[in-house]
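What follows is the residue order along each chain.
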Amino acid sequence: MQDLLDSQIKPAKTINDHNGQPQDYATSHFPVPDRRKAMQKRTFTRWMNVFLQRRDPPLKVCDLFTDIQDGRILMALLEELSGCKLLYRFRSSSHRIFILNNISKALAFLDDRHVKLLGIDASGIADGIPSVVLNLVWNIILHFQVKEVMGGLRRHLSSSLSSLSLSTYPSTSDLSPQTGDSDSYTCNTLPRKGKKAAKEPKYHSKAIKTLLHWIQRCTSKYGVDVDDFGASWRSGLAFLALIKSINPELVDLRESWSKEPTENIQHAFKVAHQCLDVPPLLEPEDCTSPDEQSIITYVSMFLGCHSVIDE
């Protein structure tokens, strides 16, 4: 797995912006919508490869928009995610009618499981249309990576979610050191902004709302506010606080508050990968202008290693 992930993460060629700051050459020269698509393509590809490399023999997506077109990679991915057999129905052929039939079988499988397929059809997948392919993979992630795991977590937290809103922040007592707990901090230890005005919930999906609540529970005790899956992650502190909530010995947040965002993010991704086996789906540059779907895809990978789910 290490070799597979390392092969996907190559040193990015850098250019400088108008302030002389380095940017990721692979995405910085794109308009915002194209840059977001490029970010999603890279993140979703890495996410798919985490599961596809478990096959025997392992499979790998190199170009998402091309490799998905005949339906084989899609069926293989769904087999790994669901445990159901699909590839026995795959027919290898260069004829479009058979390619469309392969993809239609995969889409029917998803439809039976109530995966959202609005605006997604076999023709769009066979043609490798970026918006259609990205929409499909995102809805697969949302269903198998987020909804199924968060369903159990939502039931686990049902008794406590009512006391935690999107704009709720821990009190001083919540951040006071506990006896013998050297990793708990007071409000004075970590610089924090004042309480923000209450916001209307931004996310309509119950699974995403619950994921956000869970993250807030993990990070708020270390004085890190997470309001969304966008700007809240730019400093890198949210990633580090999430890691610390899993294993307090892995992160020293006192040092992180004074470091540059890029340094925090690089450190968080490295620790998460090496110590928690959370694959690095993102690049540090992705967090400068975060894509929410990419952030959700990455942070949802932490669900599998957090003990709060089983408490």
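Residues numbered from 1 in each chain as written. Predicted model: local features only at pLDDT ≥ 70, side-chain atom pairs only at ≥ 80, totals over all residues. Heavy atoms only, no water.

### A short note on the packing of aromatic side chains
Describing an aromatic ring pair means giving the distance of the ring centres and the angle of the ring planes. Counted by the stated rule, this structure contains seven aromatic pairs. Geometrically, the ring pair formed by Phe 239 and Phe 269 is edge-to-face, given 5.3 Å between the ring centres and 75° between the ring planes. Highlighted residues: Phe 239 in helix α11 (residues 237-246) and Phe 269 in helix α13 (residues 261-276), separated in sequence by 30 residues. The class for Phe 239 is buried, based on a relative accessible area of 1%. An aromatic cluster is built from Trp 233, Phe 239, Phe 269, Tyr 298 and Phe 302, whose rings are joined through pairwise contacts. Sitting over the face of the ring of Phe 98, Arg 91 holds its NZ or CZ atom 3.8 Å from the ring centroid. (Phe/Tyr/Trp six-rings, centres within 6.5 Å; stacked < 30°, edge-to-face > 60°. Helix = DSSP H or I, 4+ residues; strand = E, 2+ residues; numbered from the N terminus. Buried < 20%, exposed > 50% of the residue type's maximum accessible area, 1.4 Å probe, protein only. Lys NZ or Arg CZ within 6 Å of the ring centre and 35° of its normal.)

### Considerations on the pattern of salt bridges
Once their charged atoms are close, side chains differing in charge can pair, the charge on each being opposite to the other. The final tally for this structure, using the stated rule, is eight salt bridges. The closest approach of N and O atoms between Glu 79 and Arg 55, which form a salt bridge, is 3.1 Å. Highlighted residues: Glu 79 in helix α5 (residues 72-82) and Arg 55 in the loop between α3 (32-52) and α4 (64-67), separated in sequence by 24 residues. Between Glu 255 and Lys 259 there is a salt bridge, and its shortest N-O distance comes to 4.0 Å. Assessed through its relative accessible area of 45%, Glu 255 is described here as partly exposed. If you follow the salt bridges from partner to partner, you end up with Arg 55, Glu 79 and Glu 80 in one network. (Salt bridge = Lys/Arg side-chain N within 4 Å of Asp/Glu carboxyl O.)

Without other data, these values stay purely geometric and don't point to any function.
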